[in-house]
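# Report on the structure
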Amino acid sequence: ALFSGRAGFKYAPASWFAVQAGFGGGGSAAGGYVSPDIGLIFGYQGEAVVPFLAGGFYSSHPINAKPITFRDETNDVDVLYPDKTLGAYGNFGIRIPLTRSSSESPRTAILIAYRFVFASHEEYIGSSVSQERWQDFYHLGVFAFDLVLRKHSRGPGQKGRWKVH
C-alpha cells in the first residue's frame, strides 16, 4: 500500500504566471518519506478551461527506511534500501474550475495533466556493499482536486484573514 499527501502555496503576480512551493509526504512498504518542492506555472485563464504548463524541482528524503527484496525471473535476489532522491518535473494539462473566482465565493477546480519526472537517486544494494546511482524517467497521468486558501482583507486599515475556499 502506498499513501501520500501534499500541501502547498501558490503566489500569482500575474494572471498567466505563478510561483509555487509545497511539502509532501507519505509511506509504503519501504517506509516513509518527506518531499519539498518548488516550481513555476504558466497558464491562460479561460472561463471554462485553464490550460497550463508547469515545471520545478523536488527532493525526497526517506524516514524509517526499510529494505525491499526484489526477485527476477531467474530467482536472483536484490535487496534495496531507499535513499534521498533529487529530481525535476514538468506538467502540462488543464484546470477545470468548478466554481467562479470571486473574493467571497469558494474556488475549487479539477486538474487533469500529464506529468513527466526525472529522478536521480542512490540505492544501497544489501546483497553487496556497493552503492549505485540510478537515473529514472517517469510518465504519469495526474488527476487532482484543487482547493484554494486565500487571504481576504476586511476593509481599509484592517488586517486580512485566511479563508478556506
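The shown structure was predicted, so the numbers you read here are calculated from the model rather than taken from an experiment. (Residues numbered from 1 in each chain as written. Predicted model: local features only at pLDDT ≥ 70, side-chain atom pairs only at ≥ 80, totals over all residues. Heavy atoms only, no water.)

### Considerations on the overall build of the chain
The number of helices and strands found in the chain is zero helices and 11 strands. Secondary structure elements of the chain occur, N-terminal to C-terminal, as β-β-β-β-β-β-β-β-β-β-β. Counting the 165 residues in the chain, one finds 27% classified as buried. Summarising the internal contacts of the chain: among those between residues at least 6 apart in sequence, 49% fall at separations of at least 24. Carbon together with sulfur atoms contributes 62% to the accessible area of the chain, which is approximately 11100 Å² in total. (Helix = DSSP H or I, 4+ residues; strand = E, 2+ residues; numbered from the N terminus. Buried < 20%, exposed > 50% of the residue type's maximum accessible area, 1.4 Å probe, protein only. Contact = heavy atoms within 4.5 Å. Areas by Shrake-Rupley, 256 points an atom, 1.4 Å probe, with all protein chains shown as cover.)

### What to know about the nonpolar core
Membership of the largest hydrophobic core is limited to six residues, which are Ala 18, Ile 41, Phe 52, Ala 54, Leu 111 and Ala 113. Sorting the residues of this core by element identifies strand S4 (50-63) and strand S8 (108-125) as the ones contributing at least two each. With near-sequence residues (within four places) excluded, Ala 113 lies in contact with Phe 52, Phe 92, Gly 93, Leu 140, Gly 141 and Val 142. (Core = buried A, V, L, I, M, F, W, Y, C linked by side-chain atoms within 4.5 Å.)

### Let's talk about the pattern of salt bridges
Scanning all chains against the criterion turns up one salt bridge. The partner of Arg 6 in a salt bridge is Asp 37, and the shortest N-O contact between them spans 2.9 Å. Of this pair, Arg 6 sits in strand S1 (residues 3-14) while Asp 37 is found in strand S3 (residues 31-43), placing the two residues 31 residues apart along the sequence. (Salt bridge = Lys/Arg side-chain N within 4 Å of Asp/Glu carboxyl O.)

### Observations regarding a negative patch on the surface
A surface patch of like charges, here negative, comprises Asp 72, Glu 73, Asp 76 and Asp 78. Among the structural elements, Asp 72 can be located in the loop between strand S5 (68-71) and strand S6 (77-81). By relative accessible area, which is 33% here, Asp 72 ends up partly exposed. (Patch = residues over 30% accessible without salt bridge, like charges linked within 9 Å, V, L, I, M, F, W, Y side chains within 5 Å. Lys, Arg positive; Asp, Glu negative; His and termini not counted. Charge placed at Lys NZ, Arg CZ, Asp CG, Glu CD.)

### A closer look at the packing of aromatic side chains
Scanning the entire structure with this criterion turns up five aromatic pairs. Look at Phe 17 and Phe 42: their rings are 5.3 Å apart centre to centre, the planes differ by 45 degrees, and that puts the pair in the tilted class. In this pair, Phe 17 sits in strand S2 (residues 17-28) while Phe 42 sits in strand S3, placing the two residues 25 residues apart along the sequence. For Phe 42, a relative accessible area of 37% corresponds to the partly exposed category. (Phe/Tyr/Trp six-rings, centres within 6.5 Å; stacked < 30°, edge-to-face > 60°.)

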